[in-house]
Amino acid sequence: MMAKVEQLYQNNNGTPVVLLCHSMGCRIGHYFLNFALHSPHGGREWIDKHVHTFIPVGAPHLGAPKALRAIVNGDKMGLDAFLSDEEGLILGRSLGSTLLLLPNH
């Protein structure tokens, strides 16, 4: 992703890019900025040069309590007519993004 940001930077005459992220993409954007900050090829100077702004829209920065409920009790996600309680539990525990949504504070 750093290479893509560098390419966008170069293709736009050295204009720093704006990272506009939505929902779970905000978690990825935040991860990317931390990765770039600690990367041997990045660092604060790299971010300051290549990234103008990070705009998270609808970001679950603090997590979502419903994710914990989905893991503990299950979540049918509005499919009550089609899923049993056990299937809702399996669904709540099988989605990979659920762990990223656990409240962290």
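A brief report on the enclosed structure follows. Note that this is a predicted model, so its numbers are computed, not measured. (Residues numbered from 1 in each chain as written. Predicted model: local features only at pLDDT ≥ 70, side-chain atom pairs only at ≥ 80, totals over all residues. Heavy atoms only, no water.)

1. Comments concerning the overall build of the chain
Short version of the rule: Here a helix means four or more residues in a row that DSSP labels H or I, a strand means two or more in a row labelled E, and each is numbered from the N terminus. Here the term buried applies to any residue with accessible area under 20% of the maximum for its type, exposed to any over 50%, and partly exposed to those in between, with areas from a 1.4 Å probe on protein chains only. We call two residues contacting when some pair of their heavy atoms lies within 4.5 Å. Note on areas: Shrake-Rupley with a 1.4 Å probe; residue coverage comes only from the protein chains shown. Positive charge is attributed to Lys and Arg, negative charge to Asp and Glu, and no charge count is given to His or to the chain ends. Taken as the charge centre is NZ of Lys, CZ of Arg, CG of Asp or CD of Glu, depending on the residue.
Across its full length, the chain carries five helices and two strands. For the chain, the α and β elements follow one another from N to C terminus as α-β-α-α-β-α-α. C-alpha atoms of the chain, sized along the principal axes, occupy 55 × 25 × 20 Å. A buried classification covers 25% of the 105 residues belonging to the chain. Sequence-distant contacts, at least 24 apart, represent 62% of the contacts inside the chain between residues at least 6 apart. In the structure as shown, the chain presents an accessible area of about 7,200 Å², 59% of it carried by carbon and sulfur atoms. Averaging the locations of the 8 positively and 8 negatively charged side chains of the chain gives two centres separated by 5 Å.

2. What to know about a nonpolar patch on the surface
We apply this condition: For patches, a residue must show more than 30% relative accessible area and have no salt bridge; joins then use 9 Å for like charges and 5 Å for nonpolar side chains, namely Val, Leu, Ile, Met, Phe, Trp and Tyr. What makes a salt bridge here is a side-chain nitrogen of Lys or Arg within 4 Å of a carboxyl oxygen of Asp or Glu, nothing more.
Side chains of Val18, Leu20, Ile55 and Val57 sit close together on the surface and give an oily, nonpolar patch of about 340 Å² of accessible area. Elements that contribute at least two residues to the nonpolar patch include exactly strand 1 (17-22) and strand 2 (51-57). Among the secondary structure elements, Leu20 is positioned in strand 1. Exposure remark for Leu20: the relative accessible area of 62% places this residue in the exposed category.

3. With respect to the side chain of His50
Along the polypeptide, His50 turns up in helix 3 (residues 44-50). Setting aside anything within four residues of it in sequence, one finds His50 in contact with Val5, Glu6, Tyr9, Pro16 and Val17.

4. A few points about the state of the cysteines
Convention followed: Disulfides are defined in this document as cysteine sulfur pairs within 2.5 Å.
This structure, assessed with the given rule, holds zero disulfides. Unpaired in terms of disulfides, Cys21 finds its nearest cysteine sulfur in Cys26, a separation of 5.3 Å.

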